[in-house]
Amino acid sequence: MSPRPEAVGGRRRARIGVRALLFAGGFVLAGATAAMAYWTVSVIYGNPNYALAQANSLSAATTPTATVNGSGAITVGWSLPASQLPGTHYQVTRTSGPGSPAPVCTVASTSTSCQDSNLTAGTAYSYSVAASLASWKSSSIAVSATTATPTFAITLSPSPYTAGTAISVTKVQATIGASVDSTYTGTKTISWSGLANSPSGQAPSYPSSSVTFTNGVANPGSTFTAYAAGTNTLTATDANATTVTGSSTFTVTFGPATKIVLSGGTSLASASNETLTATIEDAAGNTVTTGADATRSVTFAQPSGSGSVTGLGSSTASGGIASKVVTGNVAGTANLQASATLTQGATTSNTLAVTVTFGPATKIVLSGGTSLASASNETLTATIEDAAGNAVTTGADASPSVSFTEPTGSGSVTGLGSSTAAGGIAQLSVTGNVAGTANLQANATLTRGSTTSNTLAVTVTFGPATKIVLSGSTSPLGSGAPRTVTATIEDAAGNTVTAGADSSRSITFAQPTGTGSVTGLGSSPATGGIATKVVTGNAVGSVTLQASAPLTQGTTTSGTIAFTVNPAPTITSPTVGSPENPGHGGTATFTMSGTNFESGLTVTGNGSATVNSFTWTSSTTISVNVTGKGGSGASGSFTVTNPDGGTVTSANGSFTNG
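Being a predicted model, the structure only gives us computed values, none of them experimental.

### Brief notes about the overall build of the chain
And then number 1: The secondary structure content of the chain amounts to zero helices and 61 strands.
And then number 2: Compactness check: the chain gives a C-alpha radius of gyration of 67 Å against a globular reference of 26 Å for 658 residues, more than 25% above the reference.
And then number 3: Dimensions of the chain, computed from C-alpha atoms along their principal axes, come out at roughly 225 × 65 × 40 Å.
And then number 4: For the chain, the proportion of its 658 residues judged to be buried stands at 41%.
And then number 5: When contacts within the chain are restricted to residue pairs at least 6 apart in sequence, long-range pairs at least 24 apart make up 60% of them.
And then number 6: Summed over its atoms, the accessible surface of the chain is roughly 29000 Å², and 52% of this surface lies on carbon and sulfur atoms.
And then number 7: Across the chain, 20 positive and 19 negative side-chain charges occur, with their mean positions spaced 38 Å apart.

Following this line, the structure appears as structure tokens:
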């Protein structure tokens, strides 16, 4: 049955059926919401089917407050309205923040506060407060607050702390100011951080992440290990409230010395310096700065390597560190180590591989064979080097034009000239020529200026015998006059073959042609590549001579030499029958007659005849000035010798001393 409204005492009234649901002196209009009025019965009509109901409303709380009680609780408060319907309660609901929405509490209408607990520290929360009666609610009021952010105070087990030794966390307190935050309670997930890796890269270990707090205090007892010597900081952070954090700073000392670590540059130019450092360390790589092991004598050495450095030796460590300045020397890899006798015993460092590279070009080094057979080839090599003798393989000085020369020497080579270097090396092929010493050099213009190499003394020796050279005078030879001819066994360059089988061959001297002749031809064994033969002018006329021998290369014949055999001179006057007599011990000039007198001849006296001077007049006449000597009647003679060796001597007695 629908109610019929009517005015009663200035209030809006309505007739409703008595059969409507009654409770607690009132009822809720069907379909009512929180914004609708609450109806109460004020008059019941005589007609049992009707009653008079009056609408009243719930009153909302006022002036909400949110009081932070620490990191884990907020108290929500409000003021009561002037009046309230009987049976009303106040409901507090968390509207934002972790776990929202969620009811917090429902309290009596006389209460003015409600606490929300087990909250997350440093977190913003919002709340609503509304009056409720059955399912009907008043309008709500809102308030918000942020929980406090405590700081962790961390207590460690007593010092000292040694690298690599476990340290215990004995207590962690959540504090706000000087007070313990008792609202920070329960099991928390703690993120530990702050510890550094050791110098060798050893990572630290941290305490357990699960930490249980009771009224702001935890006694975890779990351990951690720090490996980096020096000042360390252990930081704890609430994983669910990262603004809640705190740290403890402490000092870690190094452990016992267990190793030596050698360090320094790994590339070093020859003639340049590099400082090697040997650090005495504990197992975690911390420098052992004090104690006996911190001042040991450290030996720097190079046990192996294709390259080398100079300056190695011993150095006394200070504060656990010893250093040594070394200089690049031979290019290549120099494997270096440092060693010392530590408390634990003899200890050797790691191996430091240093690549030694060439330095600035300072010189040219000429190399090659020092003995070269004539007509044979030899490769000369000019290497552009630094001060330590390393080849300069790159850069401008690695590719200059290099000139190969022979400034001095009794021997010689052919093929000298210029060659462009590649990778610091220039080469040139030369051929042995004249036997003897050939003093060779190489020159180039380097960055430092014109540079000349060392002198390479190459002994050029004879080559294989290839010819016989016949030599001797080709001037006319007087009949009866001797002459020496020489056969020399030579190589292709004209060097005498002084040793070996060909140097001692039997050489045959012969006259293949000619109208004249000589005597004395035949064979003669060579010595040191040379054979001689004395021939004598015989028949007048032209003579051509040759020499031949069976050399290693086969039968070899020399070239020819040719000359003319002239007739020998004759003396027809004076004679024994008509001697020249200047008187006893006297001087006289007379005319000598004969044949085949040649200009340039000589006249000598024999026995008692002393020739003072003579003059060639013609082929038949010579003017001679003579002085006698010896006793009265002493005899003598005259000898005439032509320039071609032809000679004649008059009979003894062709001159008498008066």
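### Some remarks on unusual backbone geometry
And then number 1: For the bond running from Ser100 to Pro101, omega is -10°, close enough to zero to count as cis.
And then number 2: By the element assignment, Pro101 lies in the loop between strand S8 (89–96) and strand S9 (102–108).
And then number 3: In this model, Ser159 is joined to Pro160 through a cis peptide bond whose omega is 10°.
And then number 4: Its location among the elements puts Pro160 in the loop between strand S14 (151–156) and strand S15 (161–162).
And then number 5: With a phi angle near 75°, Ala271 is a residue other than glycine that sits in the positive phi range.
And then number 6: Inspection of the secondary structure assignment puts Ala271 in the loop between strand S25 (267–269) and strand S26 (273–282).

### A short note on the environment of Thr88
And then number 1: For Thr88, the location among the structural elements is in the loop between strand S7 (74–79) and S8.
And then number 2: The exposure class assigned to Thr88 is buried, which follows from its relative accessible area of 3%.
And then number 3: Counting along the chain gives 266 residues from Thr88 to Val354, while the straight-line C-alpha distance between them is 90 Å.
And then number 4: Thr88 has contacts with Leu58, Ala108, Ser109, Ala131, Ser132 and Leu133, leaving out every residue within four places of it along the chain.
And then number 5: A polar atom in the side chain of Thr88 sits 2.8 Å from the backbone oxygen of Leu85.

### A short note on the environment of Asn433
And then number 1: Mapped onto the elements of the fold, Asn433 is located in the loop between strand S40 (425–432) and strand S41 (436–446).
And then number 2: Look at Asn433 and you get partly exposed, because its relative accessible area is 23%.
And then number 3: Asn433 sits 57 residues away from Ser376 along the chain, and the two C-alpha atoms are 8.4 Å apart.
And then number 4: Excluding its chain neighbours within four sequence positions, the residues that come into contact with Asn433 are Ser374, Ser412, Val413, Thr414, Val460, Ala493 and Asn495.

### Notes on the state of the cysteines
And then number 1: This model, assessed by the stated rule, comprises one disulfide.
And then number 2: Here Cys105 is linked by a disulfide to Cys114, with a sulfur-sulfur distance of 1.6 Å. Note on accessibility: Cys105 and Cys114 belong to one class, buried.

### Examining the packing of aromatic side chains
And then number 1: Taken as a whole, this structure holds eight aromatic pairs when the rule is applied.
And then number 2: Taking the centre distance of 4.8 Å and the plane angle of 80° together, the rings of Tyr184 and Phe213 count as edge-to-face. With Tyr184 in the loop between strand S17 (179–180) and strand S18 (186–193) and Phe213 in strand S19 (residues 210–213), the pair connects residues that are 29 residues apart, well separated along the chain. Summarising the burial analysis for this pair, Tyr184 and Phe213 share the class buried.
And then number 3: With a centroid separation of 5.3 Å and 50° between ring planes, the pair formed by Phe590 and Phe638 is classed as tilted.

### Points about the side chain of Asn625
And then number 1: Tracing the backbone through its elements, the reader meets Asn625 in strand S58 (residues 621–628).
And then number 2: The class of Asn625 is buried, set by a relative accessible area of 18%.
And then number 3: Sequence-distant contacts of Asn625, defined by excluding residues within four places in its chain, comprise Thr587, Ala588, Thr589, Thr610, Val611, Asn612 and Ser613.

### A word on the pairing of strand S53 (residues 561–566)
And then number 1: Two strands pair when backbone bridges link them, and strand S45 (residues 477–478) and S53 are joined in this way by two bridges, in the parallel orientation. Within the sheet, the bridge partner assigned to Leu477 lies in S53 and is Val565.
And then number 2: For strand S51 (residues 541–551) and S53, the ladder comprises five bridges, and the chain directions are antiparallel. Within S53, the residue paired with Val543 across the bridge is Phe563.

### Focus: the confidence of the model for the chain
And then number 1: Residues at a pLDDT of 70 or more form 91% of the chain, whose mean pLDDT is 92.
And then number 2: For the stretch residues 1–45, pLDDT sits under 50, and the model shows 99 contacts to residues farther than four places along the chain or on other chains.

### Concerning the sheet that holds strand S46 (residues 482–490)
And then number 1: Ordered in space as S44-S46-S50-S48, the four strands form an open sheet in which the pairing is antiparallel. Each having just a single partner strand, strand S44 (467–471) and strand S48 (518–519) make up the two edges of the open sheet.
And then number 2: Inspection of the sheet shows S44 paired to S46 by five bridges, in the antiparallel sense. Counted as the bridge partner of Val469 is Thr488 from S46.

### Some details on the pairing of S19
And then number 1: Here S19 shows one buried face, formed by Val211 and Phe213, and one open face, formed by Ser210 and Thr212.
And then number 2: Looking at chain direction, S18 and S19 are connected through four bridges and run antiparallel. For Thr189, the partnering residue across the bridge sits in S19 and is Ser210.

### Examining the nonpolar core
And then number 1: Counting 25 residues, the largest nonpolar core has Phe152, Leu156, Trp192 and Phe250 as the members making the most contacts within it.
And then number 2: When contributions to this core are tallied by element, the ones reaching two or more residues are S14, strand S16 (166–176), S18, S19, strand S22 (230–238) and strand S23 (241–253).

### With respect to the sheet that holds strand S24 (residues 257–263)
And then number 1: Read across the sheet, four strands follow the order S24-S26-S30-S28 without closing on themselves; strand pairing throughout is antiparallel. Each having just a single partner strand, S24 and strand S28 (309–310) make up the two edges of the open sheet.
And then number 2: Examined bridge by bridge, S26 and strand S30 (residues 321–328) share seven bridges and lie antiparallel to one another. Among the inter-strand pairings, Thr275 is bridged to a residue of S30, identified as Val325.

Reading the values: rules and limits
- Residues numbered from 1 in each chain as written.
- Predicted model: local features only at pLDDT ≥ 70, side-chain atom pairs only at ≥ 80, totals over all residues.
- Heavy atoms only, no water.
- Helix = DSSP H or I, 4+ residues; strand = E, 2+ residues; numbered from the N terminus.
- Rg over C-alpha atoms; globule rule 2.2 N^0.38 Å.
- Buried < 20%, exposed > 50% of the residue type's maximum accessible area, 1.4 Å probe, protein only.
- Contact = heavy atoms within 4.5 Å.
- Areas by Shrake-Rupley, 256 points an atom, 1.4 Å probe, with all protein chains shown as cover.
- Lys, Arg positive; Asp, Glu negative; His and termini not counted.
- Charge placed at Lys NZ, Arg CZ, Asp CG, Glu CD.
- Polar contact = N/O pair within 3.5 Å; in protein donor to acceptor, adjacent residues only side chain to side chain.
- Disulfide = S-S within 2.5 Å.
- Phe/Tyr/Trp six-rings, centres within 6.5 Å; stacked < 30°, edge-to-face > 60°.
- Pairing = 2+ DSSP bridges.
- pLDDT = per-residue confidence, 0-100.
- Core = buried A, V, L, I, M, F, W, Y, C linked by side-chain atoms within 4.5 Å.

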